[in-house]
Amino acid sequence: MLSLLGRTVTYAVPRNFGTALRQAHHTPLYDFHVANGGKMVDFAGYSLPVMYGKEGIIQSHMHTRTKSSMFDVSHMLQVHIHGADAAPMLESLVVADVAGLQPGTGTLSLFTTEAGGIADDLIVSRTAEGPLYVVSNAGCRDKDLTLMESRAAEWRAKGRDVSVEVLERGLLAVQGPATARLLQPLTPLDLSGLTFMRTAAAEVCGLACRVTRCGYTGEDGVEISVAAAEATQLAERLMEAGGDELHLAGLGARDSLRLEAGLCLYGNDIDETTTPIEAALAWTIAKRRRAARDFPGAETILAQLRDKPARRRVGLVSEGAPARAGVRIVTPDGEPVGSVTSGCPSPALKHNVAMGYVSAAHAKLGTELRLEVRKQRVPAKVAKMPFVPARYYMGAA
């Protein structure tokens, strides 16, 4: 239960969070979480903390917005793709201009299906050392890995030079405006030169790591990949150095932060039934790839880009009872026009935010709609995303 907007509300985690631990996998930081009071739940088959101790989700959320928080994201799939044909092989599966990435840079991309749906989202980086570094969702781990390994095997059978290496490593996301200031004394890497979506191999707290300037909160931050056996050591050293400014944060705050930032959660807001155009992710499709029309589902996706889709993902703001995934969206007259995919009370804005899909005719900013919550029609309005302005580090002013 959380106190927000002068009342008590129940915070509902996304529908792919489990409330009880089944046979969940453990990340390298499982014992660390338990020792620090983590309330463990099942998420995408992994046992992860939804929150810590007595600090509520709202408090954790706001600490991230004002200072810095550390999240365990070791459940994400991390791979290296090696070989002279690594970029064209991956391009046969995704919409990004992988070949055009400069060493040390990365981009958000999408695995797409032949029907034009989104099989998963991922970040792909070209490392200065040579391999492509790919991070994708734990919930799609088996699907993504099979997709990449199968395609690489097909290419090798044709004499091409490409292979996929699974990286069994820990992954820590440190997010918030204080991140760079707290982290800089712990690494020789000049963080002022590591702008958003750049990556570098570097020591952190004396440990060999990969540091990528990115995150899932809308704040400045980094993701630090480290050997699994050293993940706890790194986490402990970071927390010790961060003092009161660096807190541990769990899945609850991670979800409300990403929703305020207008970022999609795979399985909630995007999946194989949604296209990049419907999902407002057309910007992920590189100009060269559009011209070449050589990615899975290109015919369907580019036709929607040209002719406009029948529905669109939009942001929604409302007062009163918050809308959760599955809530029906209707016009003021009660005509069904879509459904909510994610929603929560916004700790930063003090009103409710949500995203969902509506018919294109009702997707214009400012459109008045209704959300059917608990047999009531709650007034809502189509709003611009991100709801909270992004503060990614783009370089010194």
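See the structure above.
An account of the accompanying structure is given in this report.

## Overview of the sheet that holds strand β5 (residues 46-52)
Turning to step 1, where the next piece is worked out: The sheet built from three strands is open, its strands ordered β3-β5-β4 with mixed pairing. Of all the strands in the sheet, just β3 (25-26) and β4 (38-43) have a single pairing partner and so form its edges.

## Description of the pairing of strand β14 (residues 207-212)
Turning to step 1, where the next piece is worked out: Summarising burial for β14: five of the six residues are buried, a large majority.
Turning to step 2, where the next piece is worked out: In textbook terms, the turn of a hairpin is the stretch between consecutive antiparallel strands, and for strand β13 (residues 199-204) and β14 this stretch comprises two residues, one of which, C205, has a positive phi near 55°.
Turning to step 3, where the next piece is worked out: Relative to strand β15 (residues 221-227), β14 is paired through four bridges, and the arrangement is antiparallel. From the neighbouring strand, T212 faces β15, where its bridge partner is E223.

## A word on the pairing of strand β19 (residues 336-345)
Turning to step 1, where the next piece is worked out: Of all ten residues that make up β19, seven are buried, and the element is covered over most of its length.
Turning to step 2, where the next piece is worked out: Linkage of strand β18 (residues 328-330) to β19, two consecutive antiparallel strands, is achieved through a turn of five residues, within which G334 is found at a positive phi near 95°.
Turning to step 3, where the next piece is worked out: The turn joining β19 and strand β20 (residues 352-359), which pair antiparallel and follow one another in sequence, is formed by six residues; a positive phi near 65° is taken by K350.

## Brief notes about the packing of helix α2 (residues 57-66) against helix α7 (residues 251-260)
Helix-helix packing is characterised by the crossing angle of the two axes and by the distance between the axes.
Turning to step 1, where the next piece is worked out: At a closest axis distance of 8 Å, the pairing of α2 and α7 adopts a crossing angle of 55°. One finds that α2 runs oblique with respect to α7. With respect to the hand of their crossing, α2 and α7 are arranged in right-handed fashion. Of α7, the residues touching α2 (which contributes I57, S60, H61, T64 and R65) are G252, A253, S256, L257 and E260.

## Points about the nonpolar core
Turning to step 1, where the next piece is worked out: Membership of the largest hydrophobic core comes to 29 residues, with the highest contact counts inside it found for M70, V204, I224, L234 and L238.
Turning to step 2, where the next piece is worked out: Only β12 (169-175), α5 (179-183), β13, β14, β15, α6 (231-242) and β16 (246-248) provide two or more residues apiece to this core.
Turning to step 3, where the next piece is worked out: Counting residues per element, this core draws most heavily on α6, which supplies five residues.
Turning to step 4, where the next piece is worked out: If sequence neighbours within four positions are ignored, L234 has contacts with L172, V204, C205, L207, C209, I224 and V226.
Turning to step 5, where the next piece is worked out: Within the second largest apolar cluster, 24 residues are counted, among which are L90, A119, L145 and M148.

Calculation criteria
Residues numbered from 1 in each chain as written. Predicted model: local features only at pLDDT ≥ 70, side-chain atom pairs only at ≥ 80, totals over all residues. Heavy atoms only, no water. Pairing = 2+ DSSP bridges. Helix = DSSP H or I, 4+ residues; strand = E, 2+ residues; numbered from the N terminus. Buried < 20%, exposed > 50% of the residue type's maximum accessible area, 1.4 Å probe, protein only. Axes fitted to C-alpha atoms, helices over the stretch in contact; angles between N-to-C directions. Parallel < 35°, antiparallel > 145°, perpendicular 65-115°, else oblique. Left-handed = near helix turned anticlockwise from the far one by under 90°. Contact = heavy atoms within 4.5 Å. Core = buried A, V, L, I, M, F, W, Y, C linked by side-chain atoms within 4.5 Å.

As far as function goes, none of this settles anything; it's purely spatial.
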